[in-house]
Amino acid sequence: MRKPVISERHRYTVRDLRRDNRSALLWALFSAQPCTRQDLGTATGLSPASVSTAIRELIAEGVVAEAGPLESDGGRPSVLLRMNPDYGQFIGIDVGETRISAEMFDLTMARLARAEHLLDPRRHGPELVADRIAQCHALLLDGADSQRSVIGVGVAVPGAVELDADGQVTVYGQSYGWDAVPLERLLRDRIGGEFPLLIDNGAKSLAQAELWFGAARGARRAVVCLIGSGAGASVITGGVTTAIEWGHTTIVAGGRRCRCGSHGCVEAYVGAEAILDRYGRPVPGGDEDAALTALVTSSSAEASTLLDETATYLGIGIANLINVFNPDRVILGGWAGQLLAERSFPLIERAAAEHALRHTFAATTITRGDLVPDPVALGAATLPLTHFLSPPP
């Protein structure tokens, strides 16, 4: 007689159950802290005994801490619980085209420290960028509380992130000139450690930050635009973020040459590098950020005309997103996106309305991201945090 095939679903063990209970409690506590054991039981559906057992273990490990009694009108007061901020640290790193920003957070995602390293936009060699990332990481550790350990590091990069045959992360970043760069290996060689090192797309990381902490909270479907030196976007559906190459969709047939090699891309008109190139005149400022800021605040008629055109192009690009994805929210983010929105938001919104389907546009809100100083680094830090709250089997 043939032996029956036992599916993975039927191999669920007591250890699996404990892991899942623990993860459910950590997510509930992280989302609603401070709260009581009773609150956690209600949120997770776990029995009082299961909650009590798991919380006792988490307190013993130092992951969870008691935050004092809950005020009571009578009887024994309940004890409030919270994530223990002294347990360890998460690091999020934003790899941009002109700078690398790194931030350190505790277990409650309170910001502890920040480090930054400027990049020459003409020099993005993998070894050089890996060195600069490691330097930012070291700067954060030098100023950190030595009693806390690093729980994990998340890195957000421009480009597509894939796994190679050995399960190592490789990055394809055309604007960087990267093709299958083994970034995970390069970074692990430099920063060492046994903690998780997780790498993802920058636009996707920004969307994750806005979903958890910012303007995308509560949205059914949202599109988050990341506009810096270039342009990218990520779509949020049902709490899941997906990066899309919006910056390399065409808005002008046969238009300006884009860094990707094509012509007429969104990025070729609304990215900071492209805006400054289109202006074609010297602009004060030591780097791209300062130069675009100077241009946006300039009183010259030429600058005003250029920026109005840029706002129109950006509105058309947003209209395409609205028509394709039917979001209830479009969020403008990225340092250049924030500058453009601050100056030209009504014009951006008007251009989007003129080029989107009326019914679809009416159901969409266009807004600005509200996270500072670096929401991409914050989103990158949610990568190891998610790994910590829901460790893989």
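Quick look at the structure, then.

Analysis parameters
- Residues numbered from 1 in each chain as written.
- Predicted model: local features only at pLDDT ≥ 70, side-chain atom pairs only at ≥ 80, totals over all residues.
- Heavy atoms only, no water.
- Helix = DSSP H or I, 4+ residues; strand = E, 2+ residues; numbered from the N terminus.
- Polar contact = N/O pair within 3.5 Å; in protein donor to acceptor, adjacent residues only side chain to side chain.
- Pairing = 2+ DSSP bridges.
- Axes fitted to C-alpha atoms, helices over the stretch in contact; angles between N-to-C directions.
- Disulfide = S-S within 2.5 Å.
- Buried < 20%, exposed > 50% of the residue type's maximum accessible area, 1.4 Å probe, protein only.
- Phe/Tyr/Trp six-rings, centres within 6.5 Å; stacked < 30°, edge-to-face > 60°.
- Core = buried A, V, L, I, M, F, W, Y, C linked by side-chain atoms within 4.5 Å.
- Contact = heavy atoms within 4.5 Å.
- Salt bridge = Lys/Arg side-chain N within 4 Å of Asp/Glu carboxyl O.

Some points on the side chain of Ser-101
Position of Ser-101 among the secondary structure elements: in strand 4 (residues 99-105). A distance of 3.5 Å separates the side chain of Ser-101 from the side chain of Glu-116, its partner in a polar contact.

Topic: the sheet that holds strand 9 (residues 178-181)
In spatial order, the strands read 7-8-9; together these 3 strands make up an open sheet with antiparallel pairing. Looking at strand neighbours, the two that pair on one side only are strand 7 (160-163) and strand 9, the edges of this open sheet. Averaged over all neighbouring strand pairs, the angle between strand axes comes to 20°, with direction disregarded. Where strand 8 (residues 169-173) and strand 9 come together, 2 bridges link them in antiparallel fashion. Within strand 9, the residue paired with Val-171 across the bridge is Val-181.

Some details on the state of the cysteines
A complete count under the given rule lists 0 disulfides for this structure. Here Cys-265 stays free of any disulfide, with the sulfur of Cys-260 as its closest cysteine sulfur at 3.8 Å. Overall, Cys-265 belongs to the buried group, its relative accessible area being 0%.

Describing the packing of aromatic side chains
Under the counting rule described, the total for this entry stands at 7 aromatic pairs. Here Tyr-87 and Phe-388 contribute two aromatic rings whose centre-to-centre distance is 5.9 Å and whose plane-to-plane angle is 45°, an arrangement assigned as tilted. Taken as a pair, Tyr-87 in the loop between strand 2 (79-83) and strand 3 (88-95) and Phe-388 in helix 13 (residues 375-389) lie far apart in primary sequence, 301 residues in all. By relative accessible area, which is 28% here, Tyr-87 ends up partly exposed. On the basis of relative accessibility, which here comes to 16%, the residue Phe-388 falls in the buried class. Residues Tyr-269 and Tyr-313 carry aromatic rings whose centres are separated by 4.4 Å and whose planes lie at 45° to one another, so their mutual orientation is tilted.

Re the nonpolar core
Nonpolar side chains in soluble globular proteins tend to end up buried together. Grouped together as the largest cluster of nonpolar side chains are 45 residues, with contacts concentrated most on Trp-246, Leu-292, Leu-295, Leu-314, Ile-318, Leu-332 and Ile-366. For this core, the elements supplying multiple residues, two or more each, are strand 11 (221-227), strand 12 (231-237), helix 7 (267-270), helix 8 (272-279), helix 9 (288-296), helix 10 (301-325), strand 14 (329-333) and helix 11 (335-355). Of the residues forming this core, the biggest block, 10 residues, is contributed by helix 10. Residues in contact with Ile-366, not counting those within four places in the same chain, are Ile-318, Ile-322, Val-330, Phe-345, Glu-349, Ala-352 and Phe-361.

A word on the pattern of salt bridges
For the structure shown, the criterion picks out 22 salt bridges. Here Arg-19 ties to Asp-20 by a salt bridge, and the two come within 3.6 Å at their closest N and O atoms. A relative accessible area of 22% means that Arg-19 is categorised as partly exposed. Asp-20 sits in the partly exposed class, given a relative accessible area of 32%. Salt-bridge contacts for Arg-185 lead to Asp-189; the nearest nitrogen and oxygen are separated by 3.8 Å. Residue Arg-185 and its partner Asp-189 are located together in helix 5 (residues 183-191), separated by 4 residues, close to a single helical turn. Exposure remark for Asp-189: the relative accessible area of 55% places this residue in the exposed category. Because the salt bridges share partners, they merge into one network encompassing Arg-99, Glu-103, Arg-111, Arg-114, Glu-116, Asp-287, Asp-289 and Asp-374.

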